Amino acid sequence: MTEKALRKGNEALAEGAIRAGVRFFAGYPITPQNEVPEYMSAHMADNGGAFVQAESEVAAINMVYGAAATGTRSMTSSSSPGVSLKQEGITYLASADLPCLIVNVMRGGPGLGSISGAQGDYFQATRGGGNGDYHVIVLAPNSVEELGNFPKLAFDLAEKYRMPCMILADGILGQMMESMSFNFEPVDPNKLGKFDWAVDINKQGRGKSKVFSYKGDNLIADVIERAKRYGLIEKTEARFEERNTEDCDILLVAYGLSSRACLEAVNMAKAHGVKVGLFRPITLWPFPSKRLAELAKKAKGIVVVEQSLGQLVQDVKLAVGDRVPVGLNAYPAGGQPDGEKILTAARSLLTGKKEGLFDLQEHATNFTYNCQRDTSLGMQGDAKGGK
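As the structure is a prediction and not an experimental result, all values here were calculated from the model. Residue numbering note: each chain is counted from 1, following its sequence as written. Owing to the predicted nature of the model, reporting of local features is limited to residues with pLDDT of at least 70; listing and counting of side-chain atom pairs is limited to 80 or more, with chain, interface and lining totals taken over all residues. Just so you know, side-chain values use all the structure's heavy atoms and leave hydrogens and water out.

Undergrad: Go over unusual backbone geometry with me, naming the residues and quoting the values.
TA: In this chain, T31 is followed by P32 through a cis amide linkage whose omega measures 5°. You can see P32 is positioned in the loop between β2 (24-27) and α2 (35-43). Cis geometry marks the peptide bond from W285 to P286, where omega comes out at 5°. Helical segments are the DSSP runs of H or I of at least four residues, strand segments are the runs of E of at least two, and each set is numbered from the N terminus. Tracing the sequence through the fold places P286 in the loop between β13 (283-285) and α11 (289-296). Residues other than glycine seldom take positive phi values, yet A333 does so here, at roughly 60°. Considering the arrangement of structural elements, one finds A333 in the loop between β15 (326-330) and α13 (339-351). Throughout this description, buried means an accessible area under 20% of the type-specific maximum (1.4 Å probe, protein chains only), exposed means over 50%, and partly exposed covers the range between. Among the residues examined, A333 registers a relative accessible area of 52% and is labelled exposed. Non-glycine residue N366 carries a positive phi angle of around 65°. Position of N366 among the secondary structure elements: in the segment after α14 (360-363).

Undergrad: Summarise the sheet that holds β15; cite the residues concerned and give the values.
TA: Here five strands make up an open sheet; going across it, the order is β10-β12-β11-β14-β15 and the pairing mixed. Strands with a single pairing partner mark the edges of an open sheet, and in this sheet they are β10 (240-243) and β15. Direction aside, the axes of adjacent strands within the sheet are offset by 20° on average. Should DSSP find at least two bridges between two strands, the strands are regarded as paired. Inspection of the sheet shows strand β11 (residues 250-253) paired to strand β12 (residues 276-281) by four bridges, in the parallel sense. When the sheet's bridge partners are listed, I250 is paired in β12 with V276. Here a residue-residue contact requires only that any non-hydrogen atoms of the pair lie within 4.5 Å. Only the stretch in contact is used when a helix axis is fitted, and all axes are lines through C-alpha atoms; the angle between N-to-C directions ranges over 0 to 180 degrees. The strands touched by helix α10 (residues 256-271) within the sheet are β10, β11, β12 and β14 (301-306), with β12 carrying the most contacts at an inclination of about 165°.

Undergrad: Would you mind going over the state of the cysteines in detail, with residue names and values included?
TA: Cysteine sulfur atoms are paired as a disulfide whenever they fall within 2.5 Å. Taken as a whole and judged by the stated rule, the model has zero disulfides. The cysteine C248 is free of any disulfide, with C262 supplying the nearest cysteine sulfur at 12 Å.

Undergrad: So what about the environment of R373? Which residues, and what values?
TA: Tracing the backbone through its elements, the reader meets R373 in the segment after α14. Note on R373: relative accessible area 72%, which makes it exposed. For the pair R373 and G109, spaced 264 residues apart in sequence, the C-alpha to C-alpha distance is 28 Å.

Structure, rendered in structure tokens:
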């Protein structure tokens, strides 16, 4: 473990990745993750690695595919719309069973959106984001220290199960500075040994290794075999953190930066005599459904706090079913969670009120919308420049 030092989130992530043995990085600039490729460009060569600023996000993810096929610890990072462009490449990495690290330092959306920290990419990350039946392991840090230490965990999991792993971080987490330390010894990739599947130079009688994204013989069997791995991962790799969950009346569920605002609400609740606990998923996939379902049996209600328009809440509802009421405290498109507002939502769920709770259908009450064409502006088939 290193001594604590003040580091910016993105820089801690990049340094943590280098310490975890990353020796190939390809990326393209986009805020709020620009410090990651900037740091890599300055330090990769000194550590025996290669840095490439690609001509696009599409190029970057395909370069990672090529490097990962050799067994090299390879990585790319971007922010929301950039990760959208990488989705086809991510599906190819998944279908070729290639371990790698993909980092998304989320910004507000949809579309170009804003550089405000947000959590609107939850569905994209946990549902695959691209075509076909596949998953990537998704880790959600809530501190600069976790952001710096999760690359090691990400590669351990990615290589164990031969699949991509994603770190899903809030934009503010990437930009904020905190005291942190690295809790693992630097990894020397030259001492890791080689994968028998990895593409390599043909020498010493070793047969050719080939990596395919589409094997062609029996796709059904390939997908089902991969699904067995996914089932094992769901059973054994779910990670979470609990605070004051033993006898809470209201259980808050949040990940990333939102979970820190929830801790403020938990502490405020104590002063007001309200029993509030926190359940923080650390793996968003696999989602820790089993433990959450157990906690739901004891609580009177659950409030999901997220910086999106109701995405995490869907997995919570799937996990707990109708055991307990589930409310949503939402801060979409870059809105920032607030401890007092979260506590208000928790109290509302206890008392049957609606203050601080968001429901899409109720939000639309008395709202009407009708988009119409205006023929006075001309007809759609009019010739341009016509009289």
